[in-house]
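Residue-level structural notes
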Amino acid sequence: MALSRREFLKASAAAVAFAAAGASVLNPKVSEAGDAGIKWGKAPCRFCGTGCGVLVGVKGGKIVATKGDPAAPVNRGLNCIKGYFLSKVLYGKDRLTKPLIRKGDKMVEASWDEAMTLIASKFKESIAKHGPDSVAMYGSGQWTVFEGYAALKLFKGGIGTNNIEPNARLCMASAVTGFMTTFASDEPMGCYDDLDLGDTYFLWGANMAECHPVLFSRMIDNRLKNPDVRIIDFGTRRTRTSQMADQYVRFNPQTDLALLNAIAHVIIKEKLYDEKFIKKHVVFKKGKENIGYGLEDKFKFTDDPKPISFDDYKKFLEKYTPEYASKLSGVPAAKIVELARLYADKKRKVNSLWTMGFNQHVRGTWVNNLVYNVHLLTGKISRPGENPMSLTGQPSACGTAREVGTFTHRLPADMVVTNPEHRAKAAEIWGIDVKRIPDKPTYNATEMFRALDRGDIKVLWSQVTNPFQSLPHLNRYRKGARKGDGRFVIVSDIYPTKSTEVADVILPSASWVEKEGFFGNAERRGQQWFKMVDAPGEAKSDLWQTMELARRLGHGNLFPYKYAEKEIFEEYRKFTVGGKDLAPYEAYVKARGLRWPVVNGKETLWRYAEGHDPYVKAGEGVKFYKNKKDDGRAVIWARPYEPAAESPDKQYPFWLCTGRVLEHWHTGTMTGRVPEIKRAYPAAVCEMHPDDAKRMGIKNLQKVKITSRRGTIILPVDLNGRGKAEKGNIFVAFFDETKLINELCIDAYCPISGEPDYKKCAVKVEKA
Amino acid sequence: MDSSTKHSGITRRRFLKDGVLLPLALAAAGGGVSTLFLRRADARGFYLRPPGALEEGNFLAACIKCGKCAQACPYNSIRMSGAEAGVAIGTPHIIARETPCYLCPDLPCAKACPSGALDRKLEDVEKVRMGTAVIVDRENCLSLRGLRCEVCYRQCPLIDKAITILPRHNQRTGVHSIMEPVIHHDKCVGCGICENACVRDKPVIVVMKSPPEQKDYYEF
Amino acid sequence: MSFKWWPIRRLVQLGVIALIASPLAGLNIFRGNLAAGDLLGVGLADPLAFMQATLASHIFILSFFGSALAVAAFYFVIGGRTFCGWVCPVYLVTELNDRLSRYLGIAERSYSLSGTRWSLAVTLSVSLLAGIPLFEMLSPIGITSRAIMFKSWTPLLLVLGIMIVEALAARRIWCRSLCPVGGFYALLGRFSPLRVGFSRQRCTGCGECSRVCPVEEVLAPSLVDGAGQVTSGDCTRCGDCIDICPAKALDVNIWYK
């Protein structure tokens, strides 16, 4: 029975071949001829506002690969680790594939017709009984431009309510109001090229190393090439960004207001300002002070800007001596003087970059104004390589939320509902009676969920976002959603989330390249992509969902499209002509994104700058032409320091700051579905200063109980992690859906922007 | 009483045969077989021992395989090896890719060791030396390819000490920097958190007993 | 029903296994196993494990020595191989295995008791010379404990092997002739004050005691020569002979006679 040697060899060869064949059947990525058969398409990354381009490889109706797009100017083939695993976010095991309707405590599968019939009936019933302001849409900076536009048109032009808000209210609203109050036009004048061209970078409340990874590596490369480049990181927490910066300037939370005024103080006192620039391009104004914190329901605030003179402004700044700011902020006075001189150094090309530290701030609008003040005083603005630049966190916070204007007070392209001319223009483009568009803004995001809690809003539809993990003071709003009494919550998403938990109807959505899309990134770059794969099961795009509701509510005539995406874009483009011009759709199909205004096929790198911005005439140099009210000048605002809504006291002695980490994105619903990322960073921790821990007898990794006036959470302490909390501060990331840190956050917001302050509230820490 | 003598009494011959020779033969065989096992454990591959472990030979000499260290570990990082480990059967080790050592500040595992196989006088986690991380596959390291990964660096409990980032110009894109994780073997404690966190299917950074020897000179 | 030792002994044996398993249930009573463990915070150690590790590693840990000494003293007082008869989980396994094989009537042959002393000597000298705690590597006691503690099952093949050999070829050979732990405790037990007493007057010579005794040689001096106590260190103090004796000729002595 012994096998001969030859037979044995034959048998083993057959076994090997069989095993190999089996392997390629099991692994779709292994194809006989390598990459052959994979079709590649372009798309922007689904995550942050950087807007990296990726190539998506499709085979057999499934995404089999993604890679950085070498032709994309933003990232030139690179990605961060989230972008690297992009394709996996669509293929989590628990993808929602069927509409689900709540029956008691259970969510029961239903057909689209059943679900949409139920939703339409709830909308009709609520509108009939309680008026159009009893229904609301809560969307996101992850909506494609088409989806945001359709929702805006349906709610403002169809249903007749301004109850539409994006989650961008929680992340970019202060940047918007900052731009609007200073320049009367939203979005930055500069672009990412400034990261290559400048030589001095002031970072304010931005952990670029983790939250804008590809842009950060670009800035660092600039320093590698030019040893004169200086990166100064102002922060309240020592981050990976601080680690690589030339200087880390630690300041006490909220005192950025005083610091920026002190920097302006020094610039004026030492006559470092650009007098010619100020005379030509700047006016001075003062607004209301002691403006409150939006803590009470139905909080309302209207600023009352008064023109002041340069001398008035100088007088206003007298108080903000480096010594005074030093006392508040903890930054040595000499350091403030040194950095003010650096800001004003005529030989330096200075940029300021900021993110949520500025925007999620109870004086977010003010602090945005104050950083512009410094750039306007020194004239370091609207020039290649020197600009203030607000970075964004969502792929289309700019493109959809801000440019399309899916806020309660906005209409597309910087227009507002309170302006009759703007309403008229919108009504004309939409072909409706102008009276259909209500003239009063209703609720900002926080107020919208307060209204749901009170019962003033009955039906709320949330698309492409996860408010019941991301809102501040979560306990109130999570409970509010389930109070019954006619409240009806619809959540469209791709996975079960903390928000689908409280939903009455869950709709399965198509995501990213499962539909055609258009995003706008932080440097005004619009990027288009085509649908490349089918959504799983019965999942459908949010655009289809919104238009289906419109049809069932009798507003189908607003959406008479055959090729909805393209036609919506061309319709929306009409709003942008003459200011924030977008190119024709076909141009975006070909390009790896274009930065608006795109006039005569040419994109704009630097707004308000002669030779770059088509709206600036020859000889003008710089012109802030959008601020017609002030004769094309930008506004320097006298904005004082005012304390945070809640500061540490004896009972709650720590500042709590929340934020992001590189691996996870926002509430982690997508990155949490990537096993590799989940393994790399599985759970939230509480960063704490070792001295505080030592004083309290807390050891590294030990569990602590963190309590605010609004909630309690138990987390392991991290004394030596990637982020190092300063004394008296703790930091917790908000991606972990099993640890809802936002339950502790205060729902105070900037009265002007309506953006909540997730960076500052008072907590106590005890051993758990 | 004859029968009972026959049953329980011991003849000299039986004593010699069963009482001395046989057990001696068995014991000698056992000793011989086990001596064959007494090759250095790293000949069978490197075992990542719990913090405070003696050098492998001494560790194997002192470990009595009681499992108290494994029971003391709050993360279940420490496992007891099975028969596959040969001479190291029943000894504690860590499979970093599955659960690494999280470096509890009070080192409960080392404190639990009765026999001195783990140094229970060890107080400072930064003095732990279990091994050292090595990037074994530079081609497949995402950070070295310019992607912003650096998960190993950010998850390192000795961040900026055991692993630092060395930015280099990325020639391919021309405007970005490659953030290269650099391991400092004199600081690395070998906890394996980087190996655990690495996002590649096969981790490109792994803990080894010691870094591969690199000689700058030619040895004749 | 008259008083019997065996239910108590069985309870103790199972109790030991329960203690070893207790951390799995999250209980904080016992940590470790029979090589070394903490019972209610008190450090205990197998004296033989201590000797092997110390000889092999040349490291002397005072607390380890203390724990081993305390355990040695304890077993000295209560009879030495009492460890085998009452505590050791392998003994329990082989004991039950023996019942089975007797029921099936397969294993007949027994080997001399003195083997354990030799294996003790080999263990200690290999530990010293090779620098490896030899017995801890092979110990079915450790293997069984770790199987309970960590669900590490494969090494139990060794225990299975012992069971097969014992069932088919050599009755109770592991405990009788091979286990160095038994060898060590036999040395202690030789001098322990706790012994089985024998009354020649009551003995009817029925031989039941020898039949149930795992180490029946130890009874010979009493049964043959009428010695009043079982003095051999190999006696495991299991009490089975006392339980079985219809004439109550055997009992527990707590002092030398």
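Residues numbered from 1 in each chain as written. Chains lettered and ligands numbered in written order. Predicted model: local features only at pLDDT ≥ 70, side-chain atom pairs only at ≥ 80, totals over all residues. Heavy atoms only, no water.

What about the pattern of salt bridges?
Applying the stated rule across the entire model yields 80 salt bridges over all chains. One salt bridge in this structure joins A:Arg240 and B:Asp160, with 2.8 Å as the shortest N-O distance. Here A:Arg240, found in helix α9 (residues 240-244), pairs with B:Asp160, found in the loop between α6 (151-155) and β4 (163-169), and the two come from separate chains. What makes A:Arg240 buried here is its relative accessible area of 4%. Salt-bridge contacts for A:Glu642 lead to A:Arg363; the nearest nitrogen and oxygen are separated by 2.8 Å. Placement of A:Glu642 in the loop between β24 (634-638) and β25 (654-659) and of A:Arg363 in the loop between α15 (356-359) and α16 (364-378) is noted, with a sequence separation of 279 residues between them. By relative accessible area, A:Glu642 is classed as buried at 5%. Relative accessible area serves as the criterion here: at 1%, A:Arg363 is assigned to the buried category. Linked by salt bridges that have partners in common, A:Asp297, A:Glu447, A:Arg450, A:Asp453, A:Arg454, A:Asp456, A:Arg476, A:Lys483 and A:Asp747 make up one network. (Salt bridge = Lys/Arg side-chain N within 4 Å of Asp/Glu carboxyl O. Helix = DSSP H or I, 4+ residues; strand = E, 2+ residues; numbered from the N terminus. Buried < 20%, exposed > 50% of the residue type's maximum accessible area, 1.4 Å probe, protein only.)

A look at helix α8 (residues 140-150) of chain C
Residue and element names in this part refer to chain C. Among the eleven residues in α8, ten count as buried, and that is most of the element. Every buried residue of α8 is listed here: Pro140, Ile141, Gly142, Ile143, Thr144, Ser145, Arg146, Ala147, Ile148 and Met149. Taking the backbone nitrogen of isoleucine 141 as reference, a side-chain oxygen 3.0 Å away marks serine 139 as the first, capping residue of α8. At the C-terminal side of α8, lysine 151 shows a positive phi close to 55 degrees. (Polar contact = N/O pair within 3.5 Å; in protein donor to acceptor, adjacent residues only side chain to side chain.)

A word on the nonpolar core
Residue and element names in this part refer to chain A. Counting 115 residues, the largest nonpolar core has Trp512 and Val513 as its most contacted members. Tallying contributions element by element places helix α8 (residues 213-225) first for this core, with five residues. In this structure tryptophan 512 touches Ala43, Pro44, Cys45, Arg46, Val54, Val56, Ile63, Thr66, Leu86, Leu90 and Trp529, once residues within four positions along its chain are discounted. (Core = buried A, V, L, I, M, F, W, Y, C linked by side-chain atoms within 4.5 Å. Contact = heavy atoms within 4.5 Å.)

As for a nonpolar patch on the surface
Residue and element names in this part refer to chain C. Together, Leu100, Tyr103, Leu104, Ile106, Leu157, Leu160, Ile164 and Leu168 make up a nonpolar patch on the protein surface, roughly 880 Å² of accessible area in all. For the nonpolar patch, the elements supplying multiple residues, two or more each, are α5 (89-104) and α9 (156-168). With four residues, α9 is the largest single contributor of residues to the nonpolar patch. Of note, isoleucine 106 is situated in the loop between α5 and α6 (115-130). For isoleucine 106, a relative accessible area of 39% puts it in the partly exposed group. (Patch = residues over 30% accessible without salt bridge, like charges linked within 9 Å, V, L, I, M, F, W, Y side chains within 5 Å. Areas by Shrake-Rupley, 256 points an atom, 1.4 Å probe, with all protein chains shown as cover.)

Remarks on the interface of chain A and chain B
In this assembly, 37 residues from chain A lie in contact with 39 residues from chain B. Taken together, both faces of the contact between chain A and chain B bury some 3,100 Å²; the carbon and sulfur share is 56%. In this structure, the connection of chain A to chain B is made through two salt bridges. Taken together, the connections running from chain A to chain B amount to 18 residue pairs in polar contact (both at pLDDT 80 or more). The set of elements that each furnish at least two residues to the side of chain A that touches chain B consists of α2 (81-84), α7 (208-211), α8, α9 and α25 (675-680) of chain A. By residue number, the principal contributor to the side of chain A that touches chain B is α8(A), which donates nine residues. Along the lines of polarity and charge, the residues of the side of chain A that touches chain B split into 17 nonpolar, seven polar and 13 charged. (Buried area = accessible area lost by both parts, 1.4 Å probe. Nonpolar A, V, L, I, M, F, W, Y, C, P; charged D, E, K, R; others polar.)

Focus on the confidence of the model for chain C
For chain C, the mean per-residue pLDDT works out to 92, and 99% of the residues sit at or above 70. Overall fold confidence (pTM) sits at 0.90, and the ipTM for the predicted complex is 0.91. (pLDDT = per-residue confidence, 0-100.)

Structural notes on the sheet that holds strand β3 (residues 42-45) of chain C
Residue and element names in this part refer to chain C. Across the sheet, three strands lie side by side as β1-β2-β3; this open sheet has antiparallel pairing. Each having just a single partner strand, β1 (30-32) and β3 make up the two edges of the open sheet. Going across the sheet, the axis of each strand differs from the next one's by a mean of 20 degrees, ignoring polarity. For β1 and strand β2 (residues 36-39), the ladder comprises three bridges, and the chain directions are antiparallel. Note that in β2 the partner of phenylalanine 30 across the bridge is leucine 39. (Pairing = 2+ DSSP bridges. Axes fitted to C-alpha atoms, helices over the stretch in contact; angles between N-to-C directions.)

Details of the sheet that holds strand β27 (residues 703-708) of chain A
All names here are of chain A. Taken in spatial order, the six strands of this closed barrel run β25-β30-β26-β28-β27-β31, and their pairing is mixed. Each strand of the sheet is rotated relative to its neighbour by a mean of 45 degrees, with strand direction disregarded. Where β25 and strand β31 (residues 761-767) come together, three bridges link them in antiparallel fashion. Residue pairing for β31: phenylalanine 654 is matched across the bridge by valine 763.

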